[in-house]
Amino acid sequence: MINDTLQNRRYVIAIIMSVVIVVYILRLFSIQIIETKYKEGAESNAFLRKTQFPPRGLIYDRNHTLLVYNKPAYDITCIMREIHDLDTLSFCRALNIDKKFFINRIAEIKDRKKNLGYSSYTPQVFMTQLDIEDIATIQQSMYKYPGFFIQNRTLRDYAFPNAAHVLGNIGEVSKRRIENDEYYKPGDYAGRDGIEYTYENTLRGVKGVEILLRDAKGRIKGKYKNGEKDILPIAGENLTLTLDIQLQILGEKLMSGKVGSIVAIEPSTGEILAMVSNPAFNPSILVGRQRSKNYIVLLNDPTKPLMNRATQAQYSPGSSFKPIQALVCQQMGGITEKTIFSCNGPESSPVKCTHHHGSPVSLLNAIEQSCNPYFWNAFRTTIEKDGYGVKNNIFRNNYDVWVDNVKSFGLGEKFTDSDIYEQSRGYIPTQKYYNKVYRSETGWRAITIRSNSIGQGEILATPLQLANAMSVIANMGYYITPHLNKSDSMKTKVHRSKVDEKYFPIVVEGMSRVFEFGTARLSKIEGIDMCGKTGTVQNSRGKDHSIFVGFAPRENPKIAIAVVVENAGFGSTYAAPVFSLLVEQYIKGKIERLELQDRVTNIVTNTNVKER
Amino acid sequence: MSKNVSIKYALDWTTVFFYVALVFMGWISIYGASYEFDQSSIFDWNQRAGKQFVWILTAFVLGGMLLLVDYKMYNFFAYIIYAAIMLLLIVTIFIAPDIKGSRSWLVLGPISFQPAELAKMATALALSKFMSSYNYKLKNWKDLIPLALIVLLPFVLIVLQKETGSALVFAAFLLMFYREGMNGIILLLTLFAVLLFVIVIRFSIIPIQVDQGTLGIVLSMGLILLVQFVYAFFVTKHRKEASFLLLGTLGLTLISIVLNIWFKVNFDYVALFVVIASCIYWIFVELFNRFKKYWMLVLISIGSVVFCFSSDYLFDKVLEPHQQIRIKVLLNMENDLTGAGYNVNQSKIAIGSGGFWGKGFLNGTQTKLNYVPEQDTDFIFCTVGEEHGFWGSTLVLVVYWLLLMRLLRIAERQRETFNRVYAYCVASILFFHLMINVGMVLGIMPVIGIPLPFFSYGGSSLWGFTIMLFILLRLDASRLERMR
Ligand SMILES: [Zn+2]
């Protein structure tokens, strides 16, 4: 009998067993289906996502000479969570760093203020841009330092010590750039200046990912799914520049010991053939670990070697502005090619003449002899030609037209459609500006702003703008935005000047005569018909700036150049021979006047300029 | 010859099917767990899956041989088998080499064997024989002592081998005892004791106020009072007395809280006082009303109080540090994921990352990359969870459940007590292993290193469980022979 009641206990036992199994199935459901943290845990456990950095695009000059290429470099990265049992002393010795550096660096990495998006699970850059020699010791013994890894990278290397300002350089990406572009991760490199910056997106390529399997002891056990899910890096695109590296080298050589810049443009295409800014530096000193140290030195140098004077320095163009003035005044009907004005030499008023020549002067002679009174009279008759009107409104309108005409030579604004990163605007003073300065619309007249007539006063231009204005004259009426990338798409950016083609020949003839009878006759080259204009610009700091602008040859111009030598003296003495030698190099392919070349090279106008 | 034919018909092929299914799934999982990326064959003798294949084949042969033995032999030799195995356990303690602190492995050339795996079967046989003996009664104190000795002897020997986990398995016989007439209260009390232990340990670190008692004691005393209330209210239906208990408890609690404004009251002692007062109260109720229903309640209450106040001590002094940590990890008191909590955390990660469908056969990353410890033995269930996901692991649990239900059915159809007791022993042991092992892997049981039956890598456990199961199958098959 008792067995019968006990028999029912099998149901109790069956229920106990069933309940436990149901509870376990529910638990499985919870951790396998509902919770996601375990899946994430598995990801961070087993997958080591190793970034594959693409090789950066190479950079060539216009003749396909290699300028910039890559050399291998290494980063030491670390995953904080995986660092354990670290023998700090031997680690520091292997990397040739001191313990203090190590401690500071680790603290920096962990500091979320300095290191956005820090995570102890992801690789952090511990040291960057090491050479093969730097990591030779540690490479063999890396397994002793769990949590630390070697990451292959590439560094820039340069075939020539030139064109640093054009090329720019590469540095660690800034915090702001990481925030704005999700491509970048802390520790990545990116172009910082010059074309490395402008063409960053094409040069950098696309990063890849290699997914590696890592076991519990941190050993790599091969690729996940045999690399099926890996993303291969895509190499950066190569870039061919418009630069002629030989011309560039010559330009930099001629500028040694001087402060100033050169811009050379091919007028028919807008291609920049050379862009020199001195003082300069060897671009390779801003590569790798020495970068930050050298960068500070350059930054603190009073001669400002980091500044690209060719595009950023702004000067009064002085007499080099006169050809443009001549063109604009003709276009506005203030003068014709036959207009003559009298010149009393240094006694002229209100604008003195700095040269001695006959009077009256024709337009042609005025350009050839750089006659200041002529251009003052031309400017005045142009903007005063219709009188002043009520509240000077007619005068002011004419002044506006003059400004527009001048600006159509590419002056007074940045080339916004250019690929040159660092540019200054220059300045062509507006009516508004004068209204403000002279406190009313009637407070100023032609005579008030007479300095503008000879390119002094408020007018400012960069060497790039001056060279481009020469392109307009060489092309007789238009320019193509100056640029550095030798791609056909850049040649379509044509800008017409407001000055009619018919007004150009007389100016070109005048500029040609500068080499025959004028200020640059000593810089003449046998067999090449050159056109140019000197400028000697007074400035508040020391001696006059020596400027020369021009183009050559006169027929089918191949090169338009602006040369500025700061605080040197007469334009004809310093800037004109530089112009002449550059033309010789570019047109003839070599320098025959070696004596002149040496003489110009050896002129030192600023003893603070250092060779770097 | 005729005997063979009868076995073929009488054998419970359903159980054999579940057995083969589990062994096969286990083998596949071992291959998955020990699979390295340089692919090797599942039959490679140098790999664990290959070795397990050999163990499986020999286990099949062994099982077949056990079926050929006359069923009466198992009954007849039960004590001798038990004695022999106990002797082997004793010998093992002295001659076994120290492997990770455990002295349970007998090493014979290339093969090592764990006699403890056979002890379960031997104990089951001895218990069955004793409990099926003429005029045996479970309620008889004289009979209880040898019964306890039969279970305690292997338990102690295995503890001496430093295999506490395997020794705990002998608690599984409680289920069988229950079926054979043990008072169900003992099962409830066991559950109650575990509950009190967990509460005391879990909340012992939370003070109510500094130096004024801990939440652990107060809660556990509250639980004891709750049991008293439920018993009086629902079982004996003395609702007036039950309500008085409730009011008294609330009153005393309120008074102590009010007093706490002026004095520092130690709430441990308040709770203790309330429980003792309640016990005295029930004794009076008993004496004045002659209910004869409260003696047991008072005894259990007092026992519980003693147990609670000694739990802390037991935990600190009796358990070894690594055992304490395992329990603390389980109770979420310790969160050291690189230390003691590492195994369970990694095990949960491996299973959790499997999702519904799993990562696919041989595609598990966590188990392959050795994140999960003991992944082909105690933590083999992780591989199933990771590679075959929710559906795969549920399938395995369902097969176990079907097997257990089948075994209960087999047990109940036995005419002989010996056979039935033995069947319940087998079902209880398999269930206990499953509960502890899978519970551990899922993080709801403490880490106790015992294998998953038929599944885990290792010849000893596979042989041990196979022998245990096939003796049962042979006994079961005999029920038809008898009828002829
Ligand atoms: Zn003059």
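Everything numeric here is computed off the predicted structure, so don't read it as measured data.

(A) Layout of the overall build of chain B. When helices and strands are tallied, chain B shows 20 helices and two strands. Restricting the contact set of chain B to residue pairs at least 6 apart, pairs at least 24 apart contribute 69%. Surface summary for chain B: the accessible area is close to 22600 Å², and the carbon and sulfur share equals 70%.

(B) Fine view of the nonpolar core. Grouped together as the largest cluster of nonpolar side chains are 126 residues, with contacts concentrated most on Phe173(B), Tyr422(B) and Phe454(B). The element that contributes the greatest number of residues to this core is helix α19 (residues 417–441) of chain B, accounting for 18 residues. The contacts of Phe173(B), once residues within four sequence positions are left out, are Lys120(B), Thr123(B), Ala124(B), Leu127(B), Val151(B), Cys425(B) and Ile429(B). Counting residues in hydrophobic clusters, the runner-up holds 94 residues, among them Val328(A), Cys343(A), Tyr388(A) and Trp402(A).

(C) Representation of the interface of chain B and chain A within the structure. Contacts between the two partners involve 49 residues from chain B, matched on the other side by 33 residues from chain A. Contact between chain B and chain A buries roughly 3700 Å² in total, counting both sides, with carbon and sulfur atoms accounting for 71%. It is Tyr178(B), Leu369(B) and Phe390(B) in chain B that bury the most area against chain A; as a group they hold 15% of the surface buried on that side. At the boundary of chain B with chain A, the tally comes to zero salt bridges. Run the count over chain B and chain A and you get eight residue pairs in polar contact (both at pLDDT 80 or more). Among the elements of the structure, α9 (173–179), α10 (184–203), α16 (342–352), α17 (365–368), α18 (380–412) and α19 of chain B are those that each provide at least two residues to the side of chain B that touches chain A. The element that contributes the greatest number of residues to the side of chain B that touches chain A is α18(B), accounting for 13 residues. Looking at the side of chain B that touches chain A residue by residue, the classes come out as 28 nonpolar, 15 polar and six charged.

(D) Summary view of helix α5 (residues 78–95) of chain B. In this model, α5(B) (18 residues) spans 26 Å end to end at C-alpha, consistent with the 26 Å of a helix rising 1.5 Å per residue. Summarising the contacts, the buried residues of α5(B) are in contact with α4 (71–76), β1 (106–108), α6 (116–131), α7 (141–160) and α19 of chain B.

(E) Structural detail: a nonpolar patch on the surface. Side chains of Phe29(A), Ile33(A), Ile34(A), Phe356(B), Trp357(B), Trp391(B) and Leu395(B) sit close together on the surface and give an oily, nonpolar patch of about 710 Å² of accessible area. Within the residue set of the nonpolar patch, elements represented by two or more residues are α2 (9–34) of chain A together with α18 of chain B. Mapped onto the fold, Ile34(A) is located in helix α2.

(F) Seen up close, the coordination of the zinc ion. All names here are of chain A. Donor atoms from the polypeptide that coordinate the zinc ion comprise Cys343 (SG), Cys353 (SG), His357 (NE2) and Cys371 (SG), at 2.0 to 2.3 Å from the metal. Note that the zinc ion binds four donor atoms; their angles at the metal cover 98 to 119°, and the shape is tetrahedral. Each donor residue of the zinc ion lies on the same chain, and together they follow the pattern C-x9-C-x3-H-x13-C. Note that cysteine 343 is positioned in the loop between β13 (340–341) and β14 (361–362) and cysteine 371 in the loop between α15 (363–369) and α16 (372–383), a separation of 28 residues in sequence. With respect to burial, cysteine 343 and cysteine 371 carry one shared label: buried.

(G) A look at the packing of helix α14 (residues 322–331) of chain A against helix α17 (residues 393–407) of chain A. Residues and elements named next belong to chain A. Closest axis-to-axis distance for the α14/α17 pair is 10 Å, and the angle between their directions is 130°. Between α14 and α17, the angle falls in the class oblique. For the pair α14 and α17, the crossing hand works out as right-handed. Counted together, Gln325, Val328 and Gln331 of α14 and Trp402, Asn405 and Val406 of α17 form the full contact between these two elements. Among the residues forming the contact of α14 with α17, the class breakdown is three nonpolar, three polar and no charged.

(H) Representation of the packing of α2(A) against α19(B) in the model. For the pair α2(A) and α19(B), the least separation of the axes is 11 Å and the interaxial angle reads 20°. One way to sum up the angle between α2(A) and α19(B) is to call them roughly parallel. As α2(A) runs across α19(B), the sense of the crossing is left-handed. Across the interface between the two elements, Arg10(A), Ile13(A), Ile16(A), Met17(A), Val20(A), Ile21(A) and Tyr24(A) of α2(A) pack against Tyr424(B), Ala427(B), Phe431(B), Leu434(B), Met435(B), Val438(B) and Gly439(B) of α19(B).

(I) Representation of the sheet that holds strand β17 (residues 531–537) of chain A within the structure. All names here are of chain A. Spatially, the five strands line up as an open sheet ordered β12-β11-β19-β18-β17, and their pairing is antiparallel. On the outer flanks of this sheet lie β12 (271–278) and β17, each paired with one strand and no other. The sheet shows a mean angle of 5° between the axes of neighbouring strands, taken without regard to direction. Sheet topology places β17 next to strand β18 (residues 545–552); seven bridges connect them, and they run antiparallel. Across the sheet, the residue bridging to threonine 534 is phenylalanine 548, located in β18. Docked against the sheet, helix α19 (residues 463–475) engages β11 (260–266), β12, β18 and β19 (559–565), running at close to 150° with respect to β19.

(J) Up close: the pairing of β18(A). Residues and elements named next belong to chain A. Burial of β18 is extensive: eight of the eight residues sit out of reach of the surface. Judged by which residues are buried, β18 turns out to be covered on both faces: His545, Ile547, Val549 and Phe551 on one side and Ser546, Phe548, Gly550 and Ala552 on the other are all buried. Sheet topology note: the β18/β19 ladder contains seven bridges and is antiparallel. In the strand pairing of β19, serine 546 is matched with valine 565. Connecting β18 to the antiparallel partner β19 that follows it, the hairpin turn spans six residues, and asparagine 556 within it adopts a positive phi of roughly 45°.

(K) Fine view of the pattern of salt bridges. Residues and elements named next belong to chain A. With the rule as written, the count across this model stands at 32 salt bridges over all chains. Glutamate 200 is the partner of arginine 56 in a salt bridge, and the nearest nitrogen-oxygen pair spans 2.8 Å. Of this pair, arginine 56 sits in the loop between β1 (47–52) and β2 (59–60) while glutamate 200 sits in helix α10 (residues 200–203); the two residues are 144 residues apart in sequence, bridging distant segments of the chain. By relative accessible area, which is 11% here, arginine 56 ends up buried. One salt bridge in this structure joins arginine 425 and glutamate 413, with 3.4 Å as the shortest N-O distance. Of this pair, arginine 425 sits in the loop between α17 and α18 (431–437) while glutamate 413 sits in the loop between α17 and α18, and the two are twelve residues apart along the sequence. One continuous salt-bridge network, built from bridges that share partners, spans Arg62, Glu266, Glu271, Lys486, Asp488 and Lys491.

Conventions we followed
Residue numbers restart at each chain and count upward from 1, following the sequence in its written direction. For this description, chains carry letters from A and ligands carry numbers from 1, given in the order in which they are written. Where totals are concerned, whole chains, interfaces and linings use all residues; where local detail is concerned, this predicted model gives features only for residues with pLDDT of at least 70, and gives and counts side-chain atom pairs only at 80 or more. Hydrogens and water are ignored here; the side-chain numbers use all heavy atoms of the structure. Only runs of H or I of at least four residues qualify as helices and only runs of E of at least two qualify as strands under DSSP, and these elements are numbered from the N terminus. We call two residues contacting when some pair of their heavy atoms lies within 4.5 Å. Under the convention used here, a 1.4 Å probe and the Shrake-Rupley method define accessible areas, while residue burial counts only the protein chains that appear. Side-chain atoms within 4.5 Å are what join buried Ala, Val, Leu, Ile, Met, Phe, Trp, Tyr and Cys residues into a set we call a nonpolar core. Working definition: with a 1.4 Å probe on protein chains only, accessible area under 20% of the residue-type maximum means buried, over 50% means exposed, and in between means partly exposed. Once two parts are brought into contact, the accessible area they lose, counted with a 1.4 Å probe and summed over both, makes up the buried area. We define a salt bridge as a contact between a side-chain nitrogen of Lys or Arg and a carboxyl oxygen of Asp or Glu at a distance within 4 Å. As used in this structure description, the phrase polar contact means that two N or O atoms lie within 3.5 Å; if the pair is within protein, one of them must be able to donate a hydrogen and the other to accept it, and residues adjacent in sequence are counted only when both atoms belong to side chains. Residue polarity follows a fixed list, in which Ala, Val, Leu, Ile, Met, Phe, Trp, Tyr, Cys and Pro are nonpolar, Asp, Glu, Lys and Arg are charged, and the others, Gly among them, are polar. Expected helix span is computed as 1.5 Å times (number of residues minus one). Each patch groups residues whose relative accessible area exceeds 30% and which form no salt bridge, using 9 Å between like charges and 5 Å between nonpolar side chains of Val, Leu, Ile, Met, Phe, Trp and Tyr. The rule for donors is simple: an N, O or S atom within 2.8 Å of the metal counts, and for Na, K and Ca the reach is 3.2 Å. Water is not among the atoms, so a site may look short of donors. Irregular is the default label, applied whenever a site is not tetrahedral (four donors, all angles between 85 and 135 degrees) and neither square planar nor octahedral (four or six donors, opposite donors over 155 degrees apart, all other angles between 65 and 115). With axes taken as lines fitted to C-alpha atoms, and helix axes fitted only over the stretch in contact, angles between N-to-C directions fall between 0 and 180 degrees. The scheme is simple: roughly parallel for angles under 35 degrees, roughly antiparallel for over 145, roughly perpendicular for 65 to 115, oblique for anything else. Two helices crossing with the near one rotated counterclockwise from the far one by less than a right angle form a left-handed crossing, whereas a clockwise rotation gives a right-handed crossing. In short, DSSP must find at least two bridges between two strands for them to pair.

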